[in-house]
Amino acid sequence: MSDHIQRYKLVLSIMFSTETDLNNAIATFNSWCQTHKESKKQYGFIRTGQLLGELFLISSEQIQTWTLHPLITALEISGLVHVIKSTSSLIKKLPHRTS
């Protein structure tokens, strides 16, 4: 039997000033992700440039980007991290084949 649970990907594109600011942003985001009840969620950070990156969360919960204001405010509190863009999208999943 294949797993038909829909998965969603939330991505916050960020720009940061220093590695310390990046580490604080990652810690804030990770803490926020840990509050979600789903056990099979995945989250983390991918560096896309010297001072750019993406915080991501993959889960079965669709998160509307307009509900992220408290998280974005917490990430930008120092003024040295900026959320450039946020997206939430359905991940297209290919059927799982068993051998």
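> Mind showing me how you'd approach the overall build of the protein here?
When you go through the protein residue by residue, the secondary structure sums to two helices and four strands. Going from N to C terminus, the protein has its helices and strands arranged as β-α-β-β-α-β. Within the protein, the fraction of its 99 residues that count as buried is 31%. Taken as a whole, the protein presents about 6,900 Å² of accessible surface, with 55% of it coming from carbon and sulfur.

> When you look at the pattern of salt bridges in this model, what are you seeing that I'm missing?
Side chains bearing opposite charge may pair, as long as their charged atoms lie close to each other. Enumeration over the complete set of coordinates arrives at two salt bridges. Put simply, arginine 7 and glutamate 38 hold a salt bridge, and the shortest N to O gap is 2.5 Å. With a gap of 31 residues between them, arginine 7 in strand β1 (residues 7-16) and glutamate 38 in the loop between α1 (19-34) and β2 (42-47) connect regions that are remote in the sequence. Accessibility assignment for this pair places arginine 7 and glutamate 38 in one class, buried. With its nearest N and O atoms 2.9 Å apart, the salt bridge here joins glutamate 19 to arginine 47.

> Sorry, what's going on with the packing of aromatic side chains here?
Two aromatic rings, taken as a pair, are described by how far apart their centres are and by the angle between their planes. Within the structure shown, the criterion is met by two aromatic pairs. For the ring pair phenylalanine 16 and phenylalanine 45, a centre distance of 6.4 Å and an interplane angle of 70° mean the geometry is edge-to-face. Here the residue phenylalanine 16 occupies a position in strand β1, and phenylalanine 45 occupies one in strand β2, the gap between them amounting to 29 residues. What makes phenylalanine 16 buried here is its relative accessible area of 2%.

> Please explain the pairing of β2 as it appears in this structure.
One face of the sheet, then the other: side chains in a regular strand alternate in exactly this way. Relative to strand β3 (residues 52-59), β2 runs antiparallel, the two sharing six bridges. Looking at the pairing, phenylalanine 45 lines up with leucine 55 of β3. Following β2, the chain reverses through four residues before pairing antiparallel with β3.

> What is the right way to look at the sheet that holds β1 in this model?
Working definition: the strands of a sheet are paired by backbone hydrogen bonds and lie parallel or antiparallel to each other. Strand order in the open sheet formed by four strands is β2-β3-β1-β4, and the pairing between neighbours is antiparallel. The open sheet has two edge strands, β2 and β4 (81-91), and neither has a second partner. In this sheet, neighbouring strand axes are inclined to one another by 15° on average, regardless of whether the strands run parallel or antiparallel. The pairing of β1 with β3 spans eight bridges and is antiparallel. Bridge assignment links valine 11 to a residue of β3, and that residue is phenylalanine 56. Relative to β2, α1 is tilted by about 160°, and along the sheet it contacts β1, β2, β3 and β4.

Reading guide: rules and limits
Residues numbered from 1 in each chain as written. Predicted model: local features only at pLDDT ≥ 70, side-chain atom pairs only at ≥ 80, totals over all residues. Heavy atoms only, no water. Helix = DSSP H or I, 4+ residues; strand = E, 2+ residues; numbered from the N terminus. Buried < 20%, exposed > 50% of the residue type's maximum accessible area, 1.4 Å probe, protein only. Areas by Shrake-Rupley, 256 points an atom, 1.4 Å probe, with all protein chains shown as cover. Salt bridge = Lys/Arg side-chain N within 4 Å of Asp/Glu carboxyl O. Phe/Tyr/Trp six-rings, centres within 6.5 Å; stacked < 30°, edge-to-face > 60°. Pairing = 2+ DSSP bridges. Axes fitted to C-alpha atoms, helices over the stretch in contact; angles between N-to-C directions. Contact = heavy atoms within 4.5 Å.

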